[in-house]
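Letter by letter, the chains look like this.
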Amino acid sequence: MDSQISVPLLDLKAQYAALKHELDGAMLRVAESQRFILGPEVDALERAMCGYLEVNHALGVSSGTDALLLALMALGIGPGDSVIVPTFSFFATAGVVSRLGARPIFVDVDPVTFNLDPSQIATRIDATTRAIVPVHLFGQSADMDAIMAVADEHGLAVIEDAAQAIGTRYRDGRRAGSIGTIGCFSFFPSKNLGAFGDGGLVTTNDPELYQRLRIMRVHGGEPKYYHAVVGGNFRLDELQAAVLNVKLPHLDGWSAARRRNAERYCELFREHGLAEGEGRQEFDAANRVLLPASVYRAGGVDDVHIYNQFTVRVADRDGLRAFLSERRVGTEVYYPVPLHMQECFRSDADGLPLPVSERLGREVLALPIYPELADEQLAHVVGSIADYYSHR
Ligand SMILES: *Cc1c(COP(=O)(O)O)cnc(C)c1O
């Protein structure tokens, strides 16, 4: 065991080093142009994203959170409305609903994919329901066929929270974020395609909705200074777009490297006798670690998981996490407290237990998965986990 190895959860310096020349040049070009807001870089990014994400319209915005907020605003969602969200997600998924005075309705997730369980949606729909927000958590698509079927049956909009899933394909090959009414993406630095700060994107195939989104991105002024609707400042900076334009051609390569790391992890966990296969749901002596499953892989589509996170489930999670920290392995818990149990949502939650998410909150642990990891680092992570369980 090499005691010098350290494995941070994420190390963006390797990526920057590889592209430093191009990235520095792109930032300098913006500086020299002194054009900072909604200029050629944002235009170019939006065009490139239409091609990459296979959608008719893409709009750069200020963050993934603002992408979600703008999507709900463009759909006219507000007080008296309710929106179905998975309870196991990043806070923003539900936070934006509350900020507009609407009520988030929390639904449990599937224990294998961590994504919204479509079979639990219909019973939560009532006359106030306006939309469903499936989250493609950790980089794998939610079950969009089933979700679109419920939405169509009840006349609901579908806003895909694809913040962690840029480039992900659903089992039929469609891109995450291209299937529902509106797709929302984040360029937060830790996402697979990260800016040098905050940024986001909304996508849609609906031309009228696109116009509404575009106008509401700039305070709802159309023409400028004439406001039929109230929007906000939801703009993406030229500097961020310039960085993203340099990075986008590399995204698929990075996601493929994440997938290779995920496969290597699974192999190593099997070799150490810690896991027998993907997608198990109960712990036993041969399955101390429950591996994430790439459930649509059998369909022959490559990009069904982009592993924004590689999240395992373990018993005694917090003990393991402390031990790994001593071994200089960075980990994180996405997410310890399901949204329906957050203090700020107490009045929205109706006291129903959502047992899968509550259990996941105790068991999930994200391991380092970023593209530049070396094999000896992956081996150090799994070897350290094996050491932890060997004397227990
Ligand atoms: C990151 C993230 C967001 C928010 O994106 P920001 O760019 O950080 O505002 C929303 N939903 C999910 C699932 C996310 O992971």
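### Points about the domain arrangement of the chain
- Taken domain by domain, the chain consists of domain 1 (12–249) and domain 2 (251–390).
- Listed as interface residues are 50 residues of domain 1 and, on the opposing side, 40 residues of domain 2.
- When the two sides are added together, the surface that domain 1 and domain 2 hide from each other amounts to roughly 3900 Å², 60% of it contributed by carbon and sulfur.
- Counting every contact that joins domain 1 to domain 2 gives four salt bridges.

### Quick word on the site of the ligand
- Around the ligand, a shell composed of 16 residues is seen, among which Gly-64, Thr-65, Gln-164, Ser-186 and Lys-191 lie nearest.
- Between Gly-64 and the ligand, the recorded distance is 2.8 Å, taken from a backbone N or O atom to an oxygen atom.
- Contact distances for the ligand include 2.6 Å between an oxygen atom and a side-chain N or O atom of Ser-186.
- Considering the ligand on its own, with 370 Å² of exposed area, one finds that the protein chains cover 93% of that surface.
- More than half of the atoms of the ligand fall within 2 Å of the grid points belonging to the largest pocket.
- Elements represented by at least two residues in the shell around the ligand include exactly α3 (64–74) and α4 (92–99).
- Counting residues per element, the shell around the ligand draws most heavily on α3, at three residues.
- Of the residues in the shell around the ligand, the class split is six nonpolar, eight polar and two charged.

### What to know about the sheet that holds strand β1 (residues 57–61)
- Spatially, the seven strands line up as an open sheet ordered β1-β7-β6-β5-β4-β2-β3, and their pairing is mixed. Two strands lie at the open edges of the sheet, namely β1 and β3 (103–107), each paired on one side alone. Recorded for the sheet is a direction-independent mean angle of 25° between the axes of neighbouring strands.
- Alignment of strand β2 (residues 82–86) against strand β4 (residues 129–132), held across three bridges, turns out to be parallel. Each bridged residue has a counterpart across the sheet, and for Ser-82 the counterpart in β4 is Thr-129.
- Relative to strand β6 (residues 182–186), α3 is tilted by about 160°, and along the sheet it contacts β1, β2, β5 (157–161), β6 and β7 (200–204).
- Seen against the sheet, helix α5 (residues 144–154) touches β4 and β5 and runs at an angle of roughly 150° to β5.

### Quick notes on the sheet that holds strand β9 (residues 310–314)
- The sheet built from three strands is open, its strands ordered β8-β9-β10 with antiparallel pairing. Two strands bound the open sheet, and with one partner strand each, they are β8 (289–290) and β10 (364–367).
- Here β9 pairs with β10 via four bridges, running antiparallel. Residue Val-312 lies in a different strand from β10, and its bridge partner there is Leu-365.
- Contacting β9 and β10, helix α10 (residues 355–363) crosses the sheet at an angle of about 95° to β9.

### Quick word on the layout of surface pockets
- Approximately 360 Å³ is the volume attributed to the largest pocket.
- Around the largest pocket, the lining comprises 22 residues; the ones closest to its centre are Phe-90, Gln-164, Ser-186, Phe-188 and Lys-191.
- Contributing elements (two or more residues each) for the lining of the largest pocket: α3 and α4.
- Here the element with the most residues in the lining of the largest pocket is α3; it accounts for three residues.
- A breakdown of the residues in the lining of the largest pocket according to their chemical character gives eight nonpolar, eleven polar and three charged.
- Two domains each donate at least three residues to the lining of the largest pocket, and these are domain 1 (12–249) and domain 2 (251–390).
- The volume enclosed by the second largest pocket comes to roughly 280 Å³.
- The wall of the second largest pocket is formed by Leu-38, Arg-214, Ile-215, Arg-217, Val-218, His-219, Gly-221, Glu-222, Lys-224, Tyr-225, His-227 and Arg-235.
- For the lining of the second largest pocket, the residue count by class is four nonpolar, three polar and five charged.

Rules and cut-offs
- Residues numbered from 1 in each chain as written.
- Predicted model: local features only at pLDDT ≥ 70, side-chain atom pairs only at ≥ 80, totals over all residues.
- Heavy atoms only, no water.
- Domains from an automatic or database assignment.
- Contact = heavy atoms within 4.5 Å.
- Buried area = accessible area lost by both parts, 1.4 Å probe.
- Salt bridge = Lys/Arg side-chain N within 4 Å of Asp/Glu carboxyl O.
- Near = heavy atom within 4 Å.
- Polar contact = N/O pair within 3.5 Å; in protein donor to acceptor, adjacent residues only side chain to side chain.
- Areas by Shrake-Rupley, 256 points an atom, 1.4 Å probe, with all protein chains shown as cover.
- 1 Å grid on protein atoms, 1.4 Å probe; cavity = no way out; pocket = protein on both sides within 12 Å on 5 of 7 lines; lining within 4 Å.
- Sits in = over half its atoms within 2 Å of the grid points.
- Helix = DSSP H or I, 4+ residues; strand = E, 2+ residues; numbered from the N terminus.
- Nonpolar A, V, L, I, M, F, W, Y, C, P; charged D, E, K, R; others polar.
- Pairing = 2+ DSSP bridges.
- Axes fitted to C-alpha atoms, helices over the stretch in contact; angles between N-to-C directions.
- Points joined across faces, edges and corners; volume = space filled by probe spheres on them.

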